[in-house]
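A structural walkthrough
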Amino acid sequence: WGWLFVYSFNLYNDFAGYTTIVRGVSGLFGIRLSSNFDRPYFARSFSEFWNRWHITLSLWLRDYVYFPTLRAFLRRNTNRYAFANIVIPPMLTMLMSGLWHGLSWNMVLWGALHGVYLIVERLLILRGPVIASQRQSRWRQVVATSVIFIFVSLAWVAFRAEPEVAFSFWYTLIQWNNWTINYARIFVAILLLLPIAVGIDWLQNQEELVFLRWPLLLQSALLAVALFLILILSQDAMVDVFVYQGF
């Protein structure tokens, strides 16, 4: 589980990091690009997650796949809560999202999983009145955020591996007999490191240029550490696993 959560942040920092670099370089030339991420792992629903993750792609899929498909089905059946109207538009949209990332079965599986997530979420809404996430009690928001993060992380397995490998990995996750003291120590180390990534993400999204308000010495130290890590990683084979280098 620990490695699964680490990969979730690795993927996010990889993608959000390079888009942030692109926005920064564009800013040097007077070109202002829209922000592409807004604390997605703080989302309290799957719909909210996709409003926060890869925002430009999500908006394109919403406007050119989801809405046209939904309108087409509504013309045939005006009942917004008809089974086809609830199931087909989100599933088709997420399958298109998967195929956009790559023409492979693991991307189809990844898209299908998120399609199922959105469908289940919509079916649960039918049970009664919905309270907006921001109006719910704090503990409910924390629980909802945790649940969304876990299921999104589980779907990332399919994003990374072929279906047979993904199913094998998911099966391994429930084999608690494999839990040893060494795994426990690694998991504790992970829990200590992840808050750093979460904290930086939260700070930067509260105010994008928040680091410019820090003392000059602290800014210099942060820049030095960043450059040092870039230098170290550039000498390692890990530099070749940049997930989105093909896009």
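For the structure, see preceding data.
Residues numbered from 1 in each chain as written. Predicted model: local features only at pLDDT ≥ 70, side-chain atom pairs only at ≥ 80, totals over all residues. Heavy atoms only, no water.

A closer look at the nonpolar core
Generally speaking, a soluble globular protein has its nonpolar side chains buried in company with each other. Grouped together as the largest cluster of nonpolar side chains are 34 residues, with contacts concentrated most on Tyr-41, Phe-49, Trp-53, Trp-156 and Trp-170. For this core, the elements supplying multiple residues, two or more each, are α1 (2–28), α2 (46–52), α5 (105–125), α6 (138–160) and α7 (163–173). In terms of residues, this core owes the most to one element, α6, which gives nine residues. In this view, Trp-156 contacts Tyr-7, Ser-8, Leu-11, Tyr-41, Phe-49, Trp-53 and Trp-110; residues no more than four positions away in its chain are not counted. (Core = buried A, V, L, I, M, F, W, Y, C linked by side-chain atoms within 4.5 Å. Buried < 20%, exposed > 50% of the residue type's maximum accessible area, 1.4 Å probe, protein only. Helix = DSSP H or I, 4+ residues; strand = E, 2+ residues; numbered from the N terminus. Contact = heavy atoms within 4.5 Å.)

Let's talk about the pattern of salt bridges
Applying the stated criterion to the full structure yields four salt bridges. Put simply, Arg-39 and Asp-38 hold a salt bridge, and the shortest N to O gap is 3.3 Å. Take Arg-39: its relative accessible area is 13%, and that puts it in the buried class. We note a salt bridge from Glu-48 to Arg-44, for which the minimum N-O separation is 2.9 Å. Given a relative accessible area of 13%, Glu-48 falls into the buried group. Taken together, the shared-partner salt bridges in this structure form one network comprising Arg-44, Glu-48 and Arg-52. (Salt bridge = Lys/Arg side-chain N within 4 Å of Asp/Glu carboxyl O.)

Some points on the packing of aromatic side chains
Tallied over the full model, the rule gives 25 aromatic pairs. Taking 5.1 Å as the distance between ring centres and 65° as the angle between the ring planes, the aromatic pair formed by Phe-9 and Tyr-41 counts as edge-to-face. A residue pair is termed long-range when its members are at least 10 positions apart, and Phe-9 in helix α1 and Tyr-41 in the loop between α1 and α2 qualify at 32 residues. Like Tyr-41, Phe-9 is buried. Ring geometry for Tyr-12 versus Phe-37: centroids 5.7 Å apart, planes at 75°, classification edge-to-face. With a gap of 25 residues between them, Tyr-12 in helix α1 and Phe-37 in the loop between α1 and α2 connect regions that are remote in the sequence. (Phe/Tyr/Trp six-rings, centres within 6.5 Å; stacked < 30°, edge-to-face > 60°.)

Thoughts on the side chain of Thr-93
Structurally, the position occupied by Thr-93 is in helix α4 (residues 83–101). In this structure, Thr-93 is in contact with Leu-61, Val-65 and Tyr-66, ignoring residues within four places of it in sequence.

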